[in-house]
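Structural overview
Here is what each chain is made of, one letter per residue.
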Amino acid sequence: MFRALARAFAFLCKKKTSSERENTERQKLLEDESKLTTVQGFVTKLCGDHGFIDDLIYFSNDVVVGNILPQVGQKVMAIVEEEKTSLEMKAIEVNIVPDDCHSEELNYSGVSSVSLSSLSESADYFSDPGFFTLDIVCEGFEPYQGDQVEVEFYIHPETQTRKALSVRPLRHKHVYEVRITNLQGRSGVIDDSIFFTLDSLKLPDGYVPQVFDIVDAVAVETIQPYYVWRAISMSLVKRPQ
């Protein structure tokens, strides 16, 4: 009987040792693949169900502690996982840092209404000091010189430098069943009042605008010679026979 008990005890010890060894190896593997650190920074971009801290650290909304999501420019504390293989940084927990009324870091962000003064492939410069790259422009909007835009920006609390975070049209409107009244080269006019250029116009596949076409369009406020609206998208409703 004692011999049977001894064998059973030895089996259990062996099984426990094997399980502990597997857990240790699994933990070591996780440590090898990723590294956890705690960082403090500012939310610099929000994109629907996720965002970025200091433009480097990705986080999804479901890892934010509490029921209130952070705003652009807000200070947060995050537990960040860095994968050694890809070097990508991803927050697994984000906590909003409460505002301190006596802190010198009070204004992190703001909004300016500006007019685009020039364009280049890498960056678009506007009338106020600073610039923005095309990857922060809102979906469906392709900026053009003269457009009136609203720029949301981040002010670094220490250096007071400003960085654009998002760009969207200042004002826009929809027009329905209006006629293309003029077309010269790559530029044209809708309803004698809305300018458009094929260099910055979204069209359905296969559609080439023609004079007298009846179209629906979305226009943004702009400053062009003789016009204050520019069409950014257009779709054909009817083409005269």
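Computed from a predicted structure; not experimentally measured.

Now for the packing of aromatic side chains. In the structure shown here, the tally under the stated rule is three aromatic pairs. Relative to F195, the ring of Y144 lies with its centre 6.3 Å away and its plane at 35°, an arrangement referred to as tilted. Here Y144 is found in the loop between strand 8 (131–132) and strand 9 (148–155), whereas its partner F195 is found in strand 13 (residues 194–197), with 51 residues between them in sequence. When its relative accessible area of 23% is taken as the criterion, Y144 is described as partly exposed. Taken together, the ring pairs in this structure connect Y144, F195 and Y227 into an aromatic cluster.

Turning our eyes to something else, we now look at the nonpolar core. Core analysis: the biggest nonpolar cluster contains 14 residues, and I180, I190, I194, F196, V215, A231 and M234 have the highest contact counts within it. Apart from residues lying up to four places away in sequence, M234 is in contact with I180, I190, F196, L201, K202, L203, P204, Y207, P209, V215, D216 and A217. V43, I53, A78 and A91 belong to the second-largest nonpolar core, a separate cluster that totals eleven residues.

This paragraph deals with the environment of D216. Relative to the assigned elements, D216 resides in strand 14 (residues 214–224). The sequence separation of D216 and R179 amounts to 37 residues, and the corresponding C-alpha distance is 8.8 Å. Every residue in contact with D216, bar those within four places of it in the chain, is listed here: V175, Y176, E177, S233, M234, S235 and V237. Among the polar contacts made by the side chain of D216, one reaches the main-chain amide nitrogen of E177 at a distance of 2.8 Å.

We now examine the confidence of the model for the protein chain. For residues with low pLDDT, the predicted coordinates do not support detailed interpretation. Taken residue by residue, the protein chain gives an average pLDDT of 75. The fraction at 70 or more is 64%. Every residue in residues 100–108 scores below 50 in pLDDT, and together they form 13 contacts with partners more than four places removed in sequence or on other chains.

Rules behind the numbers
- Here the residue numbering is sequential within each chain, running from 1 through the sequence in written order.
- It should be noted that, the model being predicted, local features are given only for residues of pLDDT at least 70 and side-chain atom pairs only at 80 or more, the latter also being counted only at that level, while totals for whole chains, interfaces and linings use all residues.
- Side-chain metrics in this entry use all non-hydrogen atoms of the structure; hydrogen atoms and water are not considered.
- Aromatic rings from Phe, Tyr and Trp, with only the six-membered ring used for Trp, were paired whenever their centres fell within 6.5 Å, and each pair was classed as stacked if the ring planes differed by under 30 degrees, edge-to-face if by over 60, and tilted otherwise.
- Secondary structure elements follow DSSP: runs of H or I of four or more residues count as helices, runs of E of two or more count as strands, with numbering from the N terminus.
- Burial here depends on accessible area, computed with a 1.4 Å probe over protein chains only, as a share of the maximum for the residue type. Under 20% is buried, over 50% is exposed, and the range in between is partly exposed.
- We define a nonpolar core as any set of buried Ala, Val, Leu, Ile, Met, Phe, Trp, Tyr and Cys residues linked to one another through side-chain atoms lying within 4.5 Å.
- A contact between two residues is defined here by any heavy atoms of the two lying within 4.5 Å.
- Pairs of N or O atoms within 3.5 Å make up the polar contacts considered here, provided that, within protein, one atom can donate a hydrogen while the other can accept it, and that residues adjacent in sequence are counted only when both atoms are side-chain atoms.
- Every residue carries a pLDDT, the predictor's confidence in it, which falls somewhere between 0 and 100.

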